[in-house]
Amino acid sequence: MAKRRSNQEWQALFQQYESSNMTQRVFCEQHGLSLSTFFAKRRQLHSTTQSTPIGFVRAEVVEKTTMYQAQIATANMTLLINDVELSIPQGTPAAYLAELIGALS
């Protein structure tokens, strides 16, 4: 019957294997281990240590502000000069309007 080992004993065996220059097969033969059990236990312990978070995780609250530019329906200003109709949005600078009217006259 195979010897039952604790997770700590397996970890110690894996550390011994890592520091040895042996292949997995040779290491398992020298320690009386089944190669398939060696693979399975190594994968199991690796996935257990990967999925178990240890300690706290630093979190930072970041305020995110998104600017939306609202399109407000604005009335256009309409200029009638001779037979020409010109629609100009509200907020057009007066200096531009004066120059435009002077050019159209």
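Residues numbered from 1 in each chain as written. Predicted model: local features only at pLDDT ≥ 70, side-chain atom pairs only at ≥ 80, totals over all residues. Heavy atoms only, no water.

A.B. asks: Sorry if this is basic, but what is going on with the packing of aromatic side chains here?
C.D. replies: Each pair of aromatic rings is reported with the distance of its centres and the angle of its planes. All chains considered together, the criterion is met by six aromatic pairs. Pairing Phe14 with Phe38 gives two aromatic rings, centres 5.1 Å apart and planes at 70°, and the pair type is edge-to-face. Of this pair, Phe14 sits in helix H1 (residues 7-19) while Phe38 sits in helix H3 (residues 35-51), and the two are 24 residues apart along the sequence. You can call Phe14 buried: its relative accessible area is 7%. Relative accessible area serves as the criterion here: at 0%, Phe38 is assigned to the buried category. Taking the centre distance of 5.6 Å and the plane angle of 65° together, the rings of Tyr17 and Phe27 count as edge-to-face. (Phe/Tyr/Trp six-rings, centres within 6.5 Å; stacked < 30°, edge-to-face > 60°. Helix = DSSP H or I, 4+ residues; strand = E, 2+ residues; numbered from the N terminus. Buried < 20%, exposed > 50% of the residue type's maximum accessible area, 1.4 Å probe, protein only.)

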